[in-house]
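Geometric and topological summary
What follows is each chain in one-letter form.
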Amino acid sequence: MQRGSSERELAARWDAEAAEGVRVDADAGAAGEPERKAGEKQAKDPAPTQPRAAEEGDARVLPRPPPTLPTSKPKPAPARGLCPHGKPRSKGPSCKRSSGRGSEQYRSQRPVTVDSSKARTSLDALKISIRQLKWKEFPFGRRLPCDIYWHGVSFHDNDIFSGQVNKFPGMTEMVRKITLSRAVRIMQNLFPEEYNFYPRSWILPDEFQLFVAQVQMVKDGDPSWKPTFIVKPDGGCQGDGIYLIKDPSDIRLAGLLQSRPAVVQEYICKPLLIDKLKFDIRLYVLLKSLEPLEIYIAKDGLSRFCTEPYQEPSAKNLHHIFMHLTNYSLNIHSGNFVHSDSASTGSKRTFSSILCRLSSKGVDIKKVWSDIISLVIKTVIALTPELKVFYQLVIPAGRPGPTCFQILGFDILLMKNLKPILLEVNANPSMRIEHEQELSPGVFENVPSLVDEEVKVAVIRDTLRLVDPLKKRRENQSQQLEGPLAAKEDPSESELAIASDGNPNPEAQLPSICLKQVFPKYAKHFNYLRLVDRMANLFIRFLGIKGTMKLGPTGFRTFIRNCKLSSSSFSMAAVDILYIDITRRWNSVTLDQRDSGMCLQAFVEAFFYLAQRKFKMLPLHEQVASLIDLCEYHLSLLDEKRLVCGRSGTLGGRPPYSGTPQEAAPAAPLAEGNLPPCTDKLSHARHALS
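Remember, it's a predicted structure, so these values are computed and weren't measured experimentally. (Residues numbered from 1 in each chain as written. Predicted model: local features only at pLDDT ≥ 70, side-chain atom pairs only at ≥ 80, totals over all residues. Heavy atoms only, no water.)

Take the overall build of the chain next. In terms of regular secondary structure, the chain is built from 24 helices and 19 strands. For the chain, the proportion of its 690 residues judged to be buried stands at 46%. Taking all contacts inside the chain whose residues are at least 6 apart in sequence as the whole, residues at least 24 apart take part in 68%. About 35300 Å² of surface is accessible on the chain, with carbon and sulfur atoms providing 54% of the total. (Helix = DSSP H or I, 4+ residues; strand = E, 2+ residues; numbered from the N terminus. Buried < 20%, exposed > 50% of the residue type's maximum accessible area, 1.4 Å probe, protein only. Contact = heavy atoms within 4.5 Å. Areas by Shrake-Rupley, 256 points an atom, 1.4 Å probe, with all protein chains shown as cover.)

What follows is the structure in structure tokens.
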């Protein structure tokens, strides 16, 4: 009787911890076969447990009281030769299944765990999403690993070694105005027509003289041209520090730009107006994976309106921010700002309501969406090369680390001719679902915003559905349970109930996913643009040392040598001069001075120079594509040679290479008659290239 009581106590502890989503304590896991049998028996009729003081795994969890023992009389042990369910052991497949698959079935049925301790302003929308999904939230963190970590600012909000995190390392730096402008400019040099959705930009103070010279040159050619420019501080947000100018001399140079660099862009003077007001579109884009690239776009977004009727910029209205700037954080302080719970009225509306209104006027909405999707894909393609460099810095290949995904906020302006223009990309778009309402001068309160909640909760919830780490496991279990029932002609009601209860499907009560995949779905239309992405792969290959983002002189020389880019007219001394000149110039203009060497953008410039030198009389993008093909070809030959010679155990009398390209010393020249056998297998490929 004492042993049966001990078994029931251990079984009760097992049930309590399984319900909380944690692993079994060591004493329960070390229990022998009798305890496991008792656990199976107890699983059918679990004993009640005493309420807990806090969530299991919570960083603030209190000491756990012992589980309450059952008050009912213990059942006698099963007869000899029978299983714990009272069936003959020879006919025990079902008993074997219940004992062998107990932990697997629990793992597949347990809720997804989400650490929301760093969620910040997106917390309310995240909580609603987790409740709708019936997942488990840990608002104060957890001792044990969670499946998903939701950060409010950056990847580095927490130290994470497993699971998934909703930020990519380096994304905040990549979408800063200067870095974004440089990334898009590289693509504009390669594909000017495809990237004409981003206004012409200059980086201040470095390119101030270039800005003055180019503006003057255009004015000399067209005296009637009277442009307007908008100045945006690099690290600014919510409209802070933005102003309009009519002439380069109007830029506020007095010490401000040295401490706060900025981007100056051509101002879009003819935007599409609704109710005589200028507006922009906030679209939510999910970057689900970097390699392979996977992009989703939310089917709905927000339209933020100015609060003063629009007029083209002039000396009189140039400083009217409520007329020219669509930032919600600015216009909310206007006396004309209209809070509305309707999706189609007020100063913040859903994008779908704007599309409906345009459709009623005969606008081709499919064309508008197609242009926006193209803009988003092309922008992400411009950002991913340097994101890969950041990623390998923080999570090197072969080391444990989380997988990443991220929701981005794309701010897009529709011109009068309905052409979309990219204004900026936000790494941390606001996910607040309430707005401030002024009760009296200087006194505000937060009021729920139904428009924000409608759009943002759907985006967060469906992002979680797409990255659900247990989805495949549940689907596999569902197929396993449905198989035996489908084979039976008339399954009993109890069997149907067990299958239904054992296979809860929270997706059944949810609306369809609001995020639409656009890449790789439309990859064949855009893959030709991914030249810089291929250059980044070369760059990362020759970085050599893990934990760096800059290419040293040895790595650059190894790149030139392995790709056969030096010649009698381009010696290795010339290679060193090229490296020094470009690296020195880029190190003087980049903000990152953590280590010396050639950054990715400097490598791209050097690559352009090499391509133009080797393949003359071709457009730049064809020159670059040809050089990439050549480099990839030579490296594939090198990899194949190492693989074949590695199998044979020798490489010209040397052990097979196993390090990084930068660590490899140049091999001694081999005489024609002393070539290793593996070299002959590559001779035909070399002759084909020549």
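The end-to-end C-alpha distance of helix 20 (residues 572–589) is 26 Å, a good match for the 26 Å that 18 residues give at a rise of 1.5 Å each. Of all the positions in helix 20, only Val-575, Leu-578, Tyr-579, Ile-582, Thr-583, Trp-586 and Asn-587 are classed as buried. For helix 20, the arc enclosing every buried residue in end-on projection is 140°, short of the 170-degree limit, so these residues lie on one face. Exposed side of helix 20, more than 90 degrees from the buried face: Ile-577, Arg-584 and Ser-588 are the residues found there. On its buried face, helix 20 sits against helix 8 (177–190), helix 19 (553–562) and helix 21 (600–614). (Expected span 1.5 Å × (residues − 1). Arc of directions from axis to C-beta.)

Turning our attention to the packing of aromatic side chains. With the rule as written, the count across this model stands at 18 aromatic pairs. With centroids separated by 5.7 Å and ring planes inclined at 70°, the aromatic side chains of Tyr-328 and Phe-337 adopt a geometry described as edge-to-face. Relative accessible area serves as the criterion here: at 12%, Phe-337 is assigned to the buried category. A cation sits over an aromatic face here: Lys-348 above Tyr-328, 3.8 Å from the ring centre. Lying across the ring of Phe-305, Arg-349 places its NZ or CZ 4.1 Å from the centre. (Phe/Tyr/Trp six-rings, centres within 6.5 Å; stacked < 30°, edge-to-face > 60°. Lys NZ or Arg CZ within 6 Å of the ring centre and 35° of its normal.)

One open sheet accounts for 4 strands, arranged 5-8-6-7; its pairing is antiparallel. Single-partner strands in this sheet number two, and they are strand 5 (201–204) and strand 7 (243–245). Direction aside, the axes of adjacent strands within the sheet are offset by 25° on average. Where helix 8 meets the sheet, it contacts strand 5, strand 6 (229–233) and strand 8 (262–266), and its direction lies at approximately 135° from that of strand 5. The strands touched by helix 9 (residues 208–221) within the sheet are strand 5, strand 6 and strand 8, with strand 5 carrying the most contacts at an inclination of about 145°. (Pairing = 2+ DSSP bridges. Axes fitted to C-alpha atoms, helices over the stretch in contact; angles between N-to-C directions.)

Turning our eyes to something else, we now look at the sheet that holds strand 2 (residues 136–138). An order of 2-1-3-4-14 is seen for the 5 strands of this open sheet, with the pairing classed as parallel. Edge positions in the open sheet fall to strand 2 and strand 14 (403–404), since each of these has one partner strand only. Relative to strand 2, strand 1 (residues 113–118) is paired through 3 bridges, and the arrangement is parallel. From the neighbouring strand, Asp-115 faces strand 2, where its bridge partner is Phe-138. Relative to the sheet, helix 6 (residues 123–133) contacts strand 1, strand 2 and strand 3 (148–151), its axis offset from that of strand 2 by approximately 150°.

The next thing to look at is the pairing of strand 12 (residues 302–305). Taking every second residue as pointing to the same face, both faces of strand 12 are buried, with Leu-302 and Arg-304 on one and Ser-303 and Phe-305 on the other. Pairing analysis gives 4 bridges linking strand 10 (residues 277–289) to strand 12, with the strands arranged antiparallel. Along strand 12, the bridge assignment pairs Asp-280 with Arg-304. One ladder, built from 3 bridges, connects strand 12 with strand 13 (residues 348–350); its direction is antiparallel. In the strand pairing of strand 13, Leu-302 is matched with Thr-350.

Between helix 8 and helix 14 (residues 365–394), whose axes approach to 9 Å, the crossing angle comes to 105°. Taken together, the axes of helix 8 and helix 14 lie roughly perpendicular to each other. Residues Leu-180, Ala-183 and Met-187 of helix 8 form the contact with helix 14, whose participating residues are Thr-379, Ile-381, Ala-382 and Leu-383. (Parallel < 35°, antiparallel > 145°, perpendicular 65-115°, else oblique.)

Turning to the pairing of strand 6, a few remarks are in order. Within strand 6, 5 of the 5 residues are buried, which leaves the element mostly enclosed by the surrounding structure. Residues Phe-229, Val-231 and Pro-233 point to one face of strand 6 and Ile-230 and Lys-232 to the other, with burial holding for every one of them. Direction of pairing for strand 6 relative to strand 7: antiparallel, over a ladder of 3 bridges. Its bridge partner lying in strand 7, Phe-229 is registered against Ile-245. As paired elements, strand 6 and strand 8 share 5 bridges and run antiparallel to each other. Paired with Val-231 across the strands is Val-264, a residue of strand 8.

Looking now at unusual backbone geometry. The peptide bond linking Leu-204 to Pro-205 adopts the cis configuration, its omega dihedral lying at 5°. When you line up the elements, Pro-205 lands in the loop between strand 5 and helix 9. Following Glu-291, the chain continues to Pro-292 via a peptide bond in cis, the omega torsion being 5°. Unlike most non-glycine residues, Arg-120 shows phi in positive territory, near 60°. A residue is classified by how much of its surface remains accessible, and Arg-120, at 59% relative accessible area, is exposed. If you check the backbone angles, Leu-418 has positive phi at about 75° while not being a glycine.

Side chains carrying opposite charge are able to pair once their charged atoms draw close together. With the rule as written, the count across this model stands at 28 salt bridges. Of the charged contacts in the structure, one is a salt bridge between Arg-176 and Asp-234, with a shortest N-O distance of 3.0 Å. On the criterion of sequence distance, the pair formed by Arg-176 in the loop between helix 7 (171–174) and helix 8 and Asp-234 in the loop between strand 6 and strand 7 is long-range, its members being 58 residues apart. For Asp-234, a relative accessible area of 4% puts it in the buried group. (Salt bridge = Lys/Arg side-chain N within 4 Å of Asp/Glu carboxyl O.)

We now examine the side chain of Asp-533. Checked against the element boundaries, Asp-533 lands in helix 18 (residues 531–541). The exposure class of Asp-533 is buried, given its relative accessible area of 5%. A distance of 3.1 Å separates the side chain of Asp-533 from the side chain of Arg-530, its partner in a polar contact. Filtering out sequence-adjacent residues up to four positions away, Asp-533 remains in contact with Thr-384, Pro-385 and Lys-388. (Polar contact = N/O pair within 3.5 Å; in protein donor to acceptor, adjacent residues only side chain to side chain.)

Here we take up helix 21. The terminal C-alpha atoms of helix 21 lie 21 Å apart, and with 15 residues this matches the ideal 21 Å at 1.5 Å per residue to within 8%. The complete set of buried residues in helix 21 reads Leu-600, Gln-601, Ala-602, Phe-603, Val-604, Ala-606, Phe-607, Phe-608, Leu-610 and Ala-611. Those residues of helix 21 that are buried lie in contact with helix 8, helix 14, helix 18, helix 19, helix 20 and helix 22 (620–648).

Position of Ile-365 relative to the elements: it lies in helix 14. Measuring from C-alpha to C-alpha, the distance between Ile-365 and Leu-418 comes to 9.9 Å, with 53 residues separating the pair along the chain. Here Ile-365 is in contact with Leu-355, Leu-358 and Ser-359, once residues within four sequence places are set aside.

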